[in-house]
Amino acid sequence: MIERPCRSLKYQCICLRALQIGSEARNRIGTWITYCNESRPHFLHGLRTPAQAHDTPPRALKLAA
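Each value, and the rule that gives it
Residues numbered from 1 in each chain as written. Predicted model: local features only at pLDDT ≥ 70, side-chain atom pairs only at ≥ 80, totals over all residues. Heavy atoms only, no water. Helix = DSSP H or I, 4+ residues; strand = E, 2+ residues; numbered from the N terminus. Expected span 1.5 Å × (residues − 1). Buried < 20%, exposed > 50% of the residue type's maximum accessible area, 1.4 Å probe, protein only. Arc of directions from axis to C-beta.

**So, unusual backbone geometry**
Moving on, step 1. Notably, Leu47 is not glycine yet its phi reads approximately 60°, a positive angle.
Moving on, step 2. With respect to the helices and strands, Leu47 occurs in the loop between helix H2 (22-38) and helix H3 (50-55).

**Things to note about H2**
Moving on, step 1. Between its first and last C-alpha, H2 extends 24 Å over 17 residues, near the 24 Å set by a 1.5 Å rise per residue.
Moving on, step 2. Among the residues of H2, Ala25, Trp32 and Cys36 are the ones counted as buried. The arc that holds the buried residues of H2, viewed along the axis, is 35°, so those residues lie on one side. Within H2, the exposed residues directed more than 90 degrees away from the buried face are Arg26, Asn27, Thr31 and Glu38.

Any functional reading would require information beyond the geometric quantities listed.
Now the structure itself:
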């Protein structure tokens, strides 16, 4: 599950911009992660953001007989 977010980070955040110093990279990566968690809907979460999915109580699971 971690491979896809790392690939997205690489291609959407890091490769598109020339980063000069470490603090600039840290700031841009932090901004990108915040965007993904709070603004970008994810298919896995039913097109909700991870923050919305985390705040929603889990659905009741049916017990197997």
